[in-house]
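Descriptive analysis of the structure
Residue strings, one per chain:
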Amino acid sequence: MAPGHLALVLHGHLPFVRRLQAGSLQEDWFHQAVLESYLPLLHHLQRSAEDPQQSPALSLSLSPTLLAMLADPLLCGRFPDWVECRQRILEWTPPQHHHAAAHLSQQLGAMVAFWRQLRGRLIPAFQELQRQGVLDLLTCGATHGYLPLLREPRSAVVAQLRIAVEHHRQHLGCAPLGIWLPECAYFEGLDRLMAAEGLRYAVLDGHGLLQALPRPRYGIYAPICSPGAVAFVGRDSTATLPVWSARDGYPGQACYREFYRDLGWDLPLEQLQEMAIADARPLGLKLHAVGPPSCPLEHKPPYSPEDAGRQVQADAEDYVQGRVRQLRQLQSAMGSQAPLVVAPFDAELFGHWWYEGPQFLAALWREAPRQQLRFTTLRRCLEDSPQLQLCRPAPSSWGQGGYHSYWLNDANAWAVPLWHRCGLRMERLAATHGRRKQGQRLLRQAARELLLLQSSDWSFILRSGTTTDLAREQIHRHGERFQTLADALDSGQPPRQPG
């Protein structure tokens with residue numbers, strides 16, 4: 001048996017994109033995530049858990065905004081029709097892609113059948129897997145606010161944490177002990193705010209531990225405890241690079257499905273409009289393979305599901321063997337301390353960004369017993385670790401550069417003073433109107449608009465340069481709604497209607 005454990009940690013999150021009218025690009029984000037990531041993940045976890053030869057284990061965060069949408073009857077009620085629309089579009093597939101289209105259509109049908117088996121209710125399925133000990137469910141910030149940039153006023157950070165805990169309890173029936181800090185971002189003193197809300201453990205990027213004071217004896221390969229009595233584990237880049245990197249890792253294999261080539265871009269706009277799709281956009285209908293290195297997008301070869309399936313098995317075997325070697329090498333250096341390798345990822349890497357990702361996870365769980373690799377959850381490994389080294393984690397994030405520059409730069413810094421001003425005004429509103437019965441509905445809605453304004457998703461989009469107009473629109477919309485509600489509360493007049 002390989003010494004030590006591997007902890008896979010997935011972060012499930014989407015910004016709140018509910019719209020009364022169907023057919024928006026934002027609603028596509030939700031349906032694609034459900035279809036390509038969360039349903040396949042549940043399906044493979046359930047099957048692996050039923051196999052007595054396997055011992056799957058996974059820590060999974062479900063952000064409050066994602067939980068709210070998974071529980072929303074309006075959004076979920078549209079899902080089968082959304083999939084059916086795409087199955088009909090597949091009928092327009094060019095002949096050279098009929099095999100890939102038939103496979104995709106079959107997969108779409110299988111996921112809708114699984115959706116109906118669950119009665120469209122994914123949350124109870126996650127709860128059951130947690131009850132079985134397969135899943136360790138974590139929370140996140142209420143709307144994924146980037147906490148280091150929200151710490152003035154401090155009440156903004158407290159609200160992100162407290163509402164997240166309440167929402168987790170409401171949907172999952174128990175208070176969370178663990179949290180995926182948005183963007184794994186940490187600032188000094190955050191641990192005490194976490195502990196005050198009952199949160200006891202979280203993931204940081206590797207340098208959050210490696211630059212802790214004092215330096216942890218075992219680096220990132222054992223949990224530490226902060227002065228605020230919160231345990232932290234560190235991301236191991238050796239265990240994550242092969243999985244997330246399209247350039248240097250498995251997702252870039254030539255036979256895997258190409259993400260950026262989509263029927264939504266290839267088909268004439270007139271055909272899309274026949275299906276009530278107003279503009280060209282990704283539809284999740286991808287029929288091409290990655291192809292050889294430097295292959296132009298327009299020359300991508302047809303996708304072969306059979307070739308991809310064989311590659312998945314080979315890559316899973318390679319990954320398991322690599323982790324077994326890594327754990328044995330670590331054990332030789334760590335003596336009596338069993339090493340813990342933590343590999344955190346965005347959940348949508350598996351299925352949405354890397355189509356074969358859920359199959360890869362299933363293959364890992366099948367292959368691990370053969371190679372004597374043991375999986376664990378963060379909660380389980382902490383329950384088995386009675387003593388932790390006391391260290392002060394370093395300010396950090398897992399974004400590019402490792403600190404706060406990805407969320408504070410020329411593209412998005414203009415939003416930070418807006419968060420600050422609105423946060424201060426929310427404190428005044430709560431102090432002035434919090435105990436008055438009149439205006440409570442307006443006060444609650446103002447708080448919602450402020451939380452939605454604080455979402456780091458829009459800052460990320462502004463920095464990455466994708467759909468930036470949409471991100472600016474979201475920030476301005478929530479900021480203007482907050483100010484309108486605040487003005488109405490302070491003036492005692494009904495909110496003005498937008499012009």
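Here, the structure is the one placed above.
Residues numbered from 1 in each chain as written. Predicted model: local features only at pLDDT ≥ 70, side-chain atom pairs only at ≥ 80, totals over all residues. Heavy atoms only, no water.

1. Structural notes on a nonpolar patch on the surface
How we decide: Patch rule: a residue counts if its relative accessible area is over 30% and it has no salt bridge; like charges are joined within 9 Å, and nonpolar side chains (Val, Leu, Ile, Met, Phe, Trp, Tyr) within 5 Å. Only the protein chains shown count as cover for residues, and all accessible areas are computed by the Shrake-Rupley method using a 1.4 Å probe. By definition here, a salt bridge exists when the distance from a side-chain nitrogen of Lys or Arg to a carboxyl oxygen of Asp or Glu is within 4 Å. Each helix corresponds to a stretch of at least 4 residues labelled H or I by DSSP, and each strand to a stretch of at least 2 residues labelled E; elements are numbered beginning at the N terminus.
A surface patch of nonpolar side chains, amounting to about 340 Å² of accessible area, comprises Tyr 260, Leu 297 and Trp 353. Examined against the element boundaries, Leu 297 turns out to sit in the loop between helix 12 (269–274) and helix 13 (305–334).

2. What to know about the packing of aromatic side chains
Where we set the bar: Between the rings of Phe, Tyr and Trp (Trp by its six-membered ring), a pair exists once the centres lie within 6.5 Å; its type follows the angle of the planes, with under 30 degrees stacked, over 60 edge-to-face, and the other angles tilted. Exposure is judged per residue with a 1.4 Å probe applied to protein chains only, and the accessible area is read against the type maximum: over 50% gives exposed, under 20% gives buried, and values in between give partly exposed. A ring is considered to have a charge above it if a Lys NZ or an Arg CZ atom is located within 6 Å of its centre and within 35 degrees of its normal.
Applying the stated rule across the entire model yields 16 aromatic pairs. An angle of 40 degrees between the planes, with centres 4.4 Å apart, marks the rings of Phe 79 and Trp 115 as tilted. Placement of Phe 79 in helix 4 (residues 79–89) and of Trp 115 in helix 5 (residues 98–117) is noted, with a sequence separation of 36 residues between them. The burial state of Phe 79 is the same as that of Trp 115; both residues are buried. Judged by centre distance (5.3 Å) and plane angle (75 degrees), the rings of Tyr 186 and Phe 232 are edge-to-face. In this pair, Tyr 186 is assigned in the loop between strand 4 (178–180) and helix 8 (190–196) and Phe 232 in strand 7 (residues 231–234), connecting sequence segments 46 residues apart. Here the two residues Tyr 186 and Phe 232 agree in accessibility, since each one is buried. One residue, Arg 257, lies across the ring of Tyr 355, its end atom 3.7 Å from the ring centre. Above the plane of the ring of Phe 259 lies Lys 286, whose end atom (NZ or CZ) is 4.6 Å from the centre.

3. Quick look at the environment of Arg 235
The cut-off we apply is this: Whether two residues are in contact is decided by their heavy atoms: any pair within 4.5 Å suffices. Under this definition, polar contacts are N or O atom pairs within 3.5 Å; protein pairs additionally need one hydrogen-donor-capable and one acceptor-capable atom, and for neighbouring residues in sequence, both atoms have to be side-chain atoms.
For Arg 235, the position within the fold is in the loop between strand 7 and helix 10 (237–244). Between the alpha carbons of Arg 235 and Asn 412 there is a distance of 26 Å; along the sequence they are 177 residues apart. With residues up to four places along the chain from it excluded, the contact list for Arg 235 reads Leu 204, Asp 205, Gly 206, Ile 220, Thr 240, Trp 244, Val 342, Pro 344 and Trp 398. In this structure the side chain of Arg 235 is engaged in a polar contact, spanning 3.0 Å, whose partner is the side chain of Thr 240.

4. So, the pairing of strand 1 (residues 5–12)
How we decide: We treat two strands as partners when DSSP finds at least two bridges between them. For the handedness criterion, the strands are oriented away from the viewer, and a crossover whose path from the first strand over the helix to the second runs clockwise is classed as right-handed.
Summarising burial for strand 1: 7 of the 8 residues are buried, a large majority. Examined bridge by bridge, strand 1 and strand 8 (residues 340–346) share 7 bridges and lie parallel to one another. Among the inter-strand pairings, Val 9 is bridged to a residue of strand 8, identified as Pro 344. The pairing of strand 1 with strand 9 (residues 375–376) spans 2 bridges and is classified as parallel. Across the sheet, the residue bridging to Ala 7 is Thr 376, located in strand 9. The β-α-β motif built from strand 1, the intervening helix 1 (residues 25–50) and the parallel element strand 2 (residues 58–62) has right-handed crossover chirality.

5. Regarding the state of the cysteines
For clarity, the cut-off: For this text, the term disulfide refers to a pair of cysteine sulfurs within 2.5 Å.
Applying the stated criterion across every chain, the model contains 0 disulfides. Free cysteine: Cys 184, not disulfide-bonded; nearest cysteine sulfur from Cys 140 at 9.0 Å. Free cysteine Cys 225: the closest other cysteine sulfur is in Cys 391, separated by 9.0 Å.

6. A word on the pattern of salt bridges
For the structure shown, the criterion picks out 22 salt bridges. Asp 28 is the partner of Arg 281 in a salt bridge, and the nearest nitrogen-oxygen pair spans 3.0 Å. Of the two residues, Arg 281 is situated in the loop between helix 12 and helix 13 and Asp 28 in helix 1; the sequence distance between them amounts to 253 residues. Take Asp 28: its relative accessible area is 3%, and that puts it in the buried class.

7. Looking at the side chain of His 288
Among the secondary structure elements, His 288 is positioned in the loop between helix 12 and helix 13. For His 288, the side chain forms a polar contact with the side chain of His 97, separated by 3.3 Å. In this structure His 288 touches His 97, Tyr 256, Arg 257, Glu 258, Arg 261, Asp 266, Lys 300, Pro 301, Pro 302 and Tyr 303, once residues within four positions along its chain are discounted.

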